[in-house]
Amino acid sequence: MNAKSARLRRLPVIGAVAAGAVLLLAGPASAHVSVQPGTAEKGGYSTIAFKVPNEKDNASTVKLEVTLDPKHPLASVMPQPVPGWEVKVEKAKLDKPLQMHGKTIDEAVSKITWTGGKIEPGQFQQFPLSVGQLPADADELVFKALQTYSDDDVVRWIDPSKPGGGEAEHPAPTLKLVAKGASAGKGDDDHDSKTGGKNADGKAENASSSSDEGDGGSDTTARVLGVVGIVVGAAGVAFGLIAGRRRSA
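The structure displayed is predicted, hence computed values, not measured ones. Once a new chain begins, its residue numbering starts again from 1 and follows that chain's sequence as written. For this predicted model, a pLDDT threshold of at least 70 governs which residues receive local features, and a threshold of 80 or more governs which side-chain atom pairs are given and counted, while totals over whole chains, interfaces and linings are taken from all residues. Based on all heavy atoms of the structure, the side-chain values leave hydrogens and waters out of the count.

**Structural notes on the nonpolar core**
Defined as follows: The set of buried Ala, Val, Leu, Ile, Met, Phe, Trp, Tyr and Cys residues whose side-chain atoms join them within 4.5 Å is what this entry labels a nonpolar core. For every residue, the accessible area (1.4 Å probe, protein chains only) is compared with the maximum for its type, and the residue is labelled buried under 20%, exposed over 50%, or partly exposed between those bounds. Secondary structure elements follow DSSP: runs of H or I no shorter than four residues count as helices, runs of E no shorter than two count as strands, and numbering proceeds from the N terminus. Residue contacts follow a heavy-atom distance rule, with two residues in contact if any of their heavy atoms lie within 4.5 Å.
Counting residues in each nonpolar core, the largest one holds 31 residues, and the members touching the most others are Trp114, Phe143 and Leu175. Among the elements of the structure, β3 (46–53), β4 (61–67), β7 (103–119), β8 (124–132), β10 (144–149), β11 (154–157) and β12 (174–178) are those that each provide at least two residues to this core. Take this core: its biggest share by element is four residues, from β7. Look past the residues within four positions of Trp114 in its chain and what remains in contact with it is Phe50, Val62, Lys63, Leu64, Val66, Pro79, Val82, Trp85, Glu86, Val87, Phe127 and Leu129.

**Quick look at the pairing of β7**
Where a strand is regular, its side chains alternate between the two sheet faces. Threshold: Should DSSP find at least two bridges between two strands, the strands are regarded as paired.
The pairing of β4 with β7 spans six bridges and is antiparallel. What sits directly across from Thr61, in β7, is Ile119. In this structure, strand β6 (residues 86–100) lies alongside β7, joined through eleven bridges in antiparallel fashion. Note that in β7 the partner of Val89 across the bridge is Ile112. In this antiparallel pair of consecutive strands, β6 and β7, the connection spans two residues, and His101 shows a positive phi of 55°.

**Observations concerning the sheet that holds strand β9 (residues 140–142)**
Basically, it comes down to this: In this analysis, axes come from line fits to C-alpha atoms, helices being fitted only over the stretch in contact, and the angle between any two N-to-C directions falls in the range 0 to 180 degrees.
Spatial ordering of the open sheet is given by β2-β12-β9, a layout of three strands whose pairing is mixed. Of all the strands in the sheet, just β2 (39–41) and β9 have a single pairing partner and so form its edges. If you compare each strand with its neighbour and ignore which way they point, the axes differ by 25° on average. Of the pairings in the sheet, the one linking β9 to β12 comprises three bridges and is antiparallel in character. Across the sheet, the residue bridging to Val142 is Thr174, located in β12.

Structural data, given as structure tokens:
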């Protein structure tokens, strides 16, 4: 076998390896707990949702704990019921009371826990919240989330962003706050302060829609990269077969 024939025989293997590598890189593109939509207006109200994907093949997610940003307490936090899940809301006394619509608020929600349900392998679940009034003097709200699996493994999504914009290994869900009128995500829920969240269902639908849009870029990129890898691998196999037939002829 000459050197040219050896190279031709190796092409299918190289193509397959390239395809596998691309798929591996594309897989975890958006597989972490995140806030959807990713932005909201400063000083307003919004409906957000924590999007929780199940990253394991042999265990289900059975619990989600979310700790709110203690630096920026929110006077109003209302969870929307999620079928199959029970929710527990914990409050804490505030060192500095808040003023909201002429009322003094001396305690605020500090932690929310969802239990009783299951997120099976290959699936995700959203946990909506109506929140407000968002701080006007901050650029983001950082939440800490603990994801518990049925095998008792706990993934701590609590790492801050790395300097320079790099993503941490287990990034904490973060809601970016933008100036009023800037491009913010859907989910403005100003009416909740007056109606007590009567229209939460409708707003939660916006959050779900926005979450799909928010992750659409990452998911699409992953799919495109995966398809490219498969095409490269298939091309390598086809080229090797053609080369083999030519040598035989």
